[in-house]
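Spelled out from the first residue to the last, the chains are:
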Amino acid sequence: MPMPTPDAPQWWSMLREIGALQLIHVDLTPHACVEASAFSWLDESERARWRRFVYSGPRRRFALCRAALRSILCAQLGCVNPQLSFGYACHGKPFALIGNDRAPVSFNVSHSDKRGLIVYASQGQLGVDVEEYAPRRDMELLIGTVFGPNEQAHLALTHGRSKIRLFYKLWTIKEALIKAAGSGFSCDVARFEVPPALRHGMTGAFVFPQRPTKAWQVEYIGNDEFAGSVAYEISSDAGDIDG
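Residues numbered from 1 in each chain as written. Predicted model: local features only at pLDDT ≥ 70, side-chain atom pairs only at ≥ 80, totals over all residues. Heavy atoms only, no water.

**Considering the side chain of Arg 115**
Position of Arg 115 among the secondary structure elements: in strand S7 (residues 115-121). On the basis of relative accessible area, Arg 115 is assigned to the buried category, the value being 13%. Of the polar contacts made by the side chain of Arg 115, one reaches the side chain of Glu 132; its length is 3.1 Å. When neighbours within four sequence positions are excluded, Arg 115 is seen to be in contact with His 25, Val 26, Leu 28, Ser 110, Val 130, Glu 132, Glu 225 and Phe 226. (Helix = DSSP H or I, 4+ residues; strand = E, 2+ residues; numbered from the N terminus. Buried < 20%, exposed > 50% of the residue type's maximum accessible area, 1.4 Å probe, protein only. Polar contact = N/O pair within 3.5 Å; in protein donor to acceptor, adjacent residues only side chain to side chain. Contact = heavy atoms within 4.5 Å.)

**Quick notes on the environment of Ser 229**
Position of Ser 229 among the secondary structure elements: in strand S11 (residues 226-233). In this structure the C-alpha to C-alpha distance between Ser 229 and Val 128, which are 101 residues apart in sequence, comes to 5.7 Å. In contact with Ser 229, other than residues within four places in its own chain, are Gly 127, Val 128, Asp 129, Lys 169, Thr 172, Ile 173, Ala 176, Glu 219, Tyr 220 and Ile 221. Within the structure, the side chain of Ser 229 is placed 3.4 Å from the backbone nitrogen of Ile 173, a separation counted as a polar contact.

**Overview of the pairing of strand S1 (residues 12-18)**
Pairing geometry for S1 and strand S2 (residues 21-27), over 6 bridges, is antiparallel. Across the sheet, the residue bridging to Ile 18 is Leu 21, located in S2. The hairpin turn running from S1 into S2, its antiparallel successor, is 2 residues long, and Gly 19 in that turn takes a positive phi close to 60 degrees. (Pairing = 2+ DSSP bridges.)

**Observations concerning the sheet that holds strand S9 (residues 203-207)**
Read across the sheet, 4 strands follow the order S8-S11-S10-S9 without closing on themselves; strand pairing throughout is antiparallel. With partners counted over all chains shown, the strands left at the sheet margins are strand S8 (126-132) and S9, one partner each. Each strand axis lies, on average, 20 degrees off the axis of its neighbour in the sheet, ignoring direction. As paired strands, S9 and strand S10 (residues 215-220) are joined by 5 bridges and run antiparallel to one another. When the bridges of S10 are listed, Ala 205 appears paired with Gln 217. Set on the sheet, helix H6 (residues 160-181) makes contact with S8, S9, S10 and S11; between it and S8 the angle comes to about 150 degrees. (Axes fitted to C-alpha atoms, helices over the stretch in contact; angles between N-to-C directions.)

**Describing the pattern of salt bridges**
All chains considered together, the criterion is met by 10 salt bridges. When salt bridges that share partners are traced, they join Asp 43, Glu 46, Arg 66 and Arg 70 into one network. (Salt bridge = Lys/Arg side-chain N within 4 Å of Asp/Glu carboxyl O.)

**Quick look at the sheet that holds strand S5 (residues 101-102)**
The 3 strands are arranged S3-S4-S5 in an open sheet whose pairing can be described as antiparallel. Looking at strand neighbours, the two that pair on one side only are strand S3 (84-88) and S5, the edges of this open sheet. Contacting S3 and strand S4 (94-98), helix H3 (residues 56-77) runs over the sheet at an angle of about 110 degrees to S3.

**Quick look at the side chain of Gln 217**
Here Gln 217 shows up in strand S10. Among the polar contacts made by the side chain of Gln 217, one reaches the side chain of Thr 203 at a distance of 2.8 Å. Those residues in contact with Gln 217 that lie beyond four places of it in its chain are Thr 203, Gly 204, Ala 205, Val 230, Ala 231, Tyr 232 and Ile 234.

Here it is in structure tokens:
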């Protein structure tokens with residue numbers, strides 16, 4: 001199994017545990033030795049994908065996150081790196097394979113600028129999103145297109161940096177939820193709203209209006225440096241398995 005070279009320190013570390021979930025922070029700072037070590041973990045299809053990135057930033061973030069994910073899954077599943085591959089659900093959410101068999105693990109990955117997050121658990125659907133705080137010229141346009149009336153009203157009463165932080169809080173909560181559900185942006189995020197208790201707090205339950213038989217728990221993990229959210233199922237339909 002590939003391991004970081006002596007001059008390439010491990011670039012991921014445990015951030016926190018949330019019940020049965022493990023949340024890992026991935027340092028995406030440019031580092032030539034670390035990037036070379038990460039590249040050695042990738043299989044041929046991943047290396048081909050790496051080469052298709054036009055810019056170095058996305059290329060680096062992909063390699064460092066995927067290599068960290070591979071190392072974590074190998075340790076959790078008791079396999080060696082060449083045995084591990086990935087399949088993709090209908091909306092592009094990846095799942096792990098050992099040989100031709102789907103592995104008994106759930107995971108999700110997100111990255112923004114120099115920070116990545118990986119969340120994994122032995123079962124259950126889950127999603128994660130991280131965003132660095134950064135002013136956006138299109139923020140007002142996005143507020144009008146991705147948020148519902150109550151969310152827009154809350155944002156209208158907030159100003160300056162507090163508004164930027166609230167914008168990204170709501171954004172990461174919504175994205176973590178749709179990633180957990182496996183729907184991606186095929187789901188119109190303006191059709192559901194973050195509940196008031198969660199908008200003002202750090203944790204809470206959520207049910208998609210279109211699918212009330214499944215409930216999700218959301219943990220907001222943002223701080224002064226970044227916005228971030230984790231969503232995971234707390235009840236499910238019988239026989240429903242989707243990444």
